[in-house]
Amino acid sequence: MPVKVRFAPSPTGFLHIGGVRTALFNWLFARHVGGSFMLRIEDTDTERSEKRFEDDIIQSLEWLGLTSDEPVVRQSERRAVYTRYLGKLIDERKAYRCFCTPETLEADQQAQMSQGLAPKYRGGCNDLPPAEAEARASREPHVIRFRMPEKTVTFTDLVHRKVSFDLRLVGDIIIAKGLGEPLYNFAVVVDDEESGITHVIRGEEHLPNTPKQMAFQEALGFRTPAYAHLPLILGPNRKKLSKRDLSKSVADYRADGYLPEALLNFLVLLGWHPVRDREVLTVPEMVEEFTLPRVQKGGAVWNPEKLEWLNAQHIKLLSVEELAARLEPFVPPHWRGNREFFARVVALEQERLTTLKAFAASASFFFELPNYPAELLRWKGTDAETTRGNLETVMALFKKTEERSFTRDLLEKPLFRLADERGRGEFLWPLRVALSGREASPGPVEIAVALGRIETVNRLQIAVEKLGGAATVAS
RNA sequence: GGCCCCAUCGUCUAGUGGUCCAGGACACAUGGUUCUCAGCCAUGGAACAGGAGUUCGAUUCUCCUUGGGGCUACCA
């Protein structure tokens, strides 16, 4: 049977990091073995499910490149199917209608827990004669309970190895609020069977659900897929990452200038490790190397610094053209007016960038005349006269340089000879500040070359004037 | 409370009985690199939770303790 996996989020919130990790591992597993991956929207809870969340999930997955090989399935569109199986279970006496009130149930549950018992249903509806139950069903609100077999279930989890649960402790759980309203555990089993899912890869919080779902499969005559429960992603407090820890959704990371491949790279390393120690991986490399047996058992704490570092690494991996294209949504349109110039700036900033978003702030001086106080031009208290003299010297040098010789190679030599004569700090610092207006920026020659001769001289002129020099050296 | 899962540097992890006085990455510290910041390079500190057992030999196997986590909904 061909391998088939699914990612089955419920649209009750924006797609978050934990969800992406589950989707990623499913997708990688499918790609690695040549199987298929599908998306199923688990919207059986009509109260909490919202269309905008579903849209966000689909769009985010698309941005990440974790796309479904098949049309998206929505549980809300499959009610008739669940109803049919529910009816079958009731007819076969494997499930029954329960008329107990939530209040009664909760009281009994409390009572059991205070006695140190595992709370389970003992309300008595399991003994109701079928005819009577059917009669009451038409006029009384009720739920449907599954007659849980009294036995221990043992199964082999692909990451945890052997796991076993005693179903006697679980009892007759509710599988639907009525014939038309199935609950999670039941709907999952039906859909996985009908979709031909061979491997269920999901978060470890579902481990206790597995034996229940296996009991349903047995009752319905379904096959049992292979299971792999992934370790949880933990917040700084070592608890399951919640929306509170991570007010950030995938869309937020996108807006903050993270690359999808960097986010994926970071996530794949949370609970999995390649055979070799190389950690910066492209998506094709992840597909190539991913295997389930190398998945970790313990939970992993989310650490944003490493994500930043990986993002910087992936930015460096991009070609200048590609990076320029990805930067588009993050910069004012007029910056991109001159494509050639924009590319030159991108090339300069590439190695110092950690996020796409940071580009606008650190590169703005290339596109707009910098505004800075005159004092900034003076290196460690060098007096204004000396500083101005140094700037005028550079300006003179640049002015007599031919346009075609205004390159990094040809400029560096004479400039550094001068810098050695005048003192590197005293000479280079004011030059760099004159061009960038910043305390921190790329090197002066690099900026000058990117800016071009005319604009460079122009900015030097402005700096000289700031230091009280006359605009004498006009050309 | 009950059931289940887990346990190597601060964090992510390598490690499947000897090759481990435990390796890599992030972060941190120090030094180097054309002024600055970043980057890059080098160096450094930093861990097998504890106790029994199995074994000639345990980070690796078993058990217990401790610690952490998940589940225990007419949520998923």
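This structure is a prediction, so every number in the text was calculated from the model and none was measured.

Conventions we followed
- Residues numbered from 1 in each chain as written.
- Chains lettered and ligands numbered in written order.
- Predicted model: local features only at pLDDT ≥ 70, side-chain atom pairs only at ≥ 80, totals over all residues.
- Near = placed C-beta within 6 Å.
- Helix = DSSP H or I, 4+ residues; strand = E, 2+ residues; numbered from the N terminus.
- Nonpolar A, V, L, I, M, F, W, Y, C, P; charged D, E, K, R; others polar.
- Pairing = 2+ DSSP bridges.
- Axes fitted to C-alpha atoms, helices over the stretch in contact; angles between N-to-C directions.
- Contact = placed C-beta atoms within 7 Å.
- Buried ≥ 20, exposed ≤ 12 C-beta atoms within 10 Å, placed from the backbone.
- Expected span 1.5 Å × (residues − 1).
- Arc of directions from axis to C-beta.
- Parallel < 35°, antiparallel > 145°, perpendicular 65-115°, else oblique.
- Left-handed = near helix turned anticlockwise from the far one by under 90°.

Participant: Looking at this model, I keep getting lost on the protein's contact with RNA strand B. Mind explaining?
Facilitator: Not every one of the 64 residues close to RNA strand B is listed here, only the nearest: Glu-42, Tyr-184, Gly-298, Ala-440 and Gly-443. Within the residue set of the surface near RNA strand B, elements represented by two or more residues are helix H4 (102–114), strand E7 (161–166), strand E12 (300–301), helix H11 (304–317), helix H16 (408–422) and helix H17 (424–436). Ranked by residue count, the leading element in the surface near RNA strand B is H17, at five residues. Of the residues belonging to the surface near RNA strand B, the class tally is 27 nonpolar, 16 polar and 21 charged.

Participant: Can you help me understand the sheet that holds strand E5 (residues 143–146) in this one?
Facilitator: Pairing between the strands of a sheet is mediated by backbone hydrogen bonds and can be parallel or antiparallel. Spatially, E4-E5-E8 is the arrangement adopted by the three strands of the open sheet, whose pairing is antiparallel. Looking along the sheet, the strands with just one partner apiece sit at the ends: strand E4 (95–98) and strand E8 (174–176). Across the sheet, the axes of successive neighbouring strands diverge by a mean angle of 45 degrees, strand direction being ignored. Against the sheet, helix H3 (residues 79–91) contacts E4, E5 and E8, and its axis sits at roughly 95 degrees relative to E4.

Participant: For this particular structure, what's the right way to read unusual backbone geometry?
Facilitator: Glycine aside, residues mostly have negative phi angles, and peptide bonds mostly take the trans form. Backbone geometry places Arg-161, a non-glycine residue, at a positive phi of 65 degrees. Within the secondary structure, Arg-161 is located in strand E7. Since 8 C-beta atoms lie within 10 Å of it, Arg-161 is described here as exposed. The phi dihedral of Lys-380 is positive, around 40 degrees, even though this residue is not glycine. Looking at the element boundaries, Lys-380 is found in the loop between helix H14 (356–367) and helix H15 (384–400). The exposure class of Lys-380 is exposed, given the 8 C-beta atoms found within 10 Å.

Participant: What is the right way to look at H15 in this model?
Facilitator: Owing to its 3.6 residues per turn, the α-helix aligns residues three or four sequence positions apart on the same side. With 17 residues, H15 should cover 24 Å at 1.5 Å per step; its first-to-last C-alpha distance of 24 Å lies within 8% of that length. All of the buried residues along H15 are Thr-387, Arg-388, Asn-390, Leu-391, Val-394 and Met-395. Looking straight down H15, one finds that the buried residues subtend no more than 160 degrees of arc, so they occupy a single side. Set apart from the buried face of H15 by more than 90 degrees, the exposed residues are Glu-385 and Lys-400. Buried-residue contacts for H15 involve H16, H17 and helix H19 (453–466).

Participant: What exactly am I supposed to notice about the packing of helix H6 (residues 184–195) against helix H7 (residues 210–220) here?
Facilitator: Running from N to C, H6 and H7 point in directions that differ by 55 degrees, and their axes come no closer than 9 Å. Considered as vectors, H6 and H7 are oriented oblique to each other. Relative to H7, H6 is oriented so that their crossing is right-handed. On H7, the residues touching Asn-185, Phe-186, Val-188 and Val-189 of H6 are Lys-212, Gln-213, Phe-216 and Gln-217.

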